[in-house]
Amino acid sequence: MSGIKKTNDQTLRGKYAVITGATSGIGLAAAQELAARGANLGIVARNAAKAREVAVKLQSSSGNSITVDVFIADMSSQRSIRRAANEILAKCPRIDILINNAGAMFLDHKLTEDGLEMTWAVNHIAPFLLTNLLLDRLMMSEHARVITTSSHGHKMAAQGIHFDDLSGRRYFGLLGKMKGGPNFRYGETKLANVLFTAELAQRLKGTNVSAYCFDPGLVATNFNQDNGGWPA
Ligand SMILES: NC(=O)c1ccc[n+]([C@@H]2O[C@H](COP(=O)([O-])OP(=O)(O)OC[C@H]3O[C@@H](n4cnc5c(N)ncnc54)[C@H](OP(=O)(O)O)[C@@H]3O)[C@@H](O)[C@H]2O)c1
């Protein structure tokens, strides 16, 4: 992050973007680009020290022309997301862009404090919840966007989402893992990103908020390094 180059003329000066997963990989690159275009940023992260370091670098790379706020949230915890959303709403009178980017893939069947399977909670429930909590504020912008990072991995959920097994037990255990279960589980969550975005876009028709999701392609990041290093 040694100096941000302005890559085009589409200025975002004066806009405020909330972004999750900006401490690494795709989210960090996006935050750098947003900063280069002059957007003020709200970084939502679980690691306070890492987030503050990123915030300082983003701000100084912009020549201190933008503000970068840090909000702490573990995206696997609904309590934590709600607390961060309240802090964002208290601090930010306007939000023009929400980027739901934080994501992970768990190789073992782990439950969150809310009793949800981890990959499902972090990749789908967190964007769903955060978007809903911030939507009224986004509506107040003259033109707002909700952008969710999905993946080509959604194609692994060719049979759709197993709503009869939201805990995803079929994907784990020795047999599930031998069949590549965690990859399929990840695929379900990324399909959920697509379906969520499609439904959100439909419901927001005629308003000043648009919803998008995208596949970044295969990118060399820190993805899944914490969870066994098995790439998506
Ligand atoms: N890399 C690829 O090839 C690829 C392809 C398609 C889609 N994607 C998607 O791209 C998005 C970003 O992934 P990446 O490749 O950039 O991976 P990454 O380098 O590992 O970045 C993931 C980001 O999400 C954050 N995060 C993960 N779990 C979190 C939690 N429980 N609470 C709060 N933050 C959490 C991480 O925070 P920490 O810094 O604290 O770990 C990090 O900032 C994900 O949604 C992923 O599914 C990636």
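Residues numbered from 1 in each chain as written. Predicted model: local features only at pLDDT ≥ 70, side-chain atom pairs only at ≥ 80, totals over all residues. Heavy atoms only, no water.

1. Focus on the sheet that holds strand E4 (residues 97-100)
1) Next: Strand order in the open sheet formed by 6 strands is E3-E2-E1-E4-E5-E6, with parallel pairing between adjacent strands. At either margin of the open sheet sits one strand with a lone partner, and together these are strand E3 (68-72) and strand E6 (209-214). The mean angle between the axes of side-by-side strands here comes to 15°, regardless of whether they run parallel or antiparallel.
2) Next: Taken together, the 3 bridges between strand E1 (residues 16-20) and E4 define a ladder with parallel strand orientation. Residue pairing across strands places Val18 opposite Leu98, the latter belonging to E4.
3) Next: Packed on one face of the sheet, helix H3 (residues 78-91) meets E1, strand E2 (40-45) and E3 and runs near 150° to E3.
4) Next: On top of the sheet, helix H6 (residues 181-203) reaches strand E5 (144-149) and E6; it is set at about 160° to E6, its chief contact. (Pairing = 2+ DSSP bridges. Helix = DSSP H or I, 4+ residues; strand = E, 2+ residues; numbered from the N terminus. Axes fitted to C-alpha atoms, helices over the stretch in contact; angles between N-to-C directions. Contact = heavy atoms within 4.5 Å.)

2. A word on the pattern of salt bridges
Two side chains with opposite charge may pair up if their charged atoms get near one another.
1) Next: As enumerated under the stated definition, the model contains 13 salt bridges in all.
2) Next: Linking Lys57 and Glu53 is a salt bridge whose minimum nitrogen-to-oxygen distance equals 3.4 Å. Highlighted residues: Lys57 and Glu53, both in helix H2 (residues 48-61), separated by 4 residues, approximately one helical turn.
3) Next: Judged by relative accessible area, Glu53 falls into the partly exposed class, the value being 47%.
4) Next: Salt-bridge contacts for Lys177 lead to Asp108; the nearest nitrogen and oxygen are separated by 2.7 Å. One end of the pair, Lys177, is in helix H5 (residues 173-178); the other, Asp108, is in the loop between E4 and helix H4 (118-139), with 69 residues separating them in the sequence.
5) Next: The partly exposed category is assigned to Lys177, whose relative accessible area is 29%.
6) Next: On the accessibility criterion, Asp108 (41% relative accessible area) is partly exposed.
7) Next: In this structure, a network of salt bridges that share partners links the residues Lys15, Arg94, Asp96 and Glu142. (Salt bridge = Lys/Arg side-chain N within 4 Å of Asp/Glu carboxyl O. Buried < 20%, exposed > 50% of the residue type's maximum accessible area, 1.4 Å probe, protein only.)

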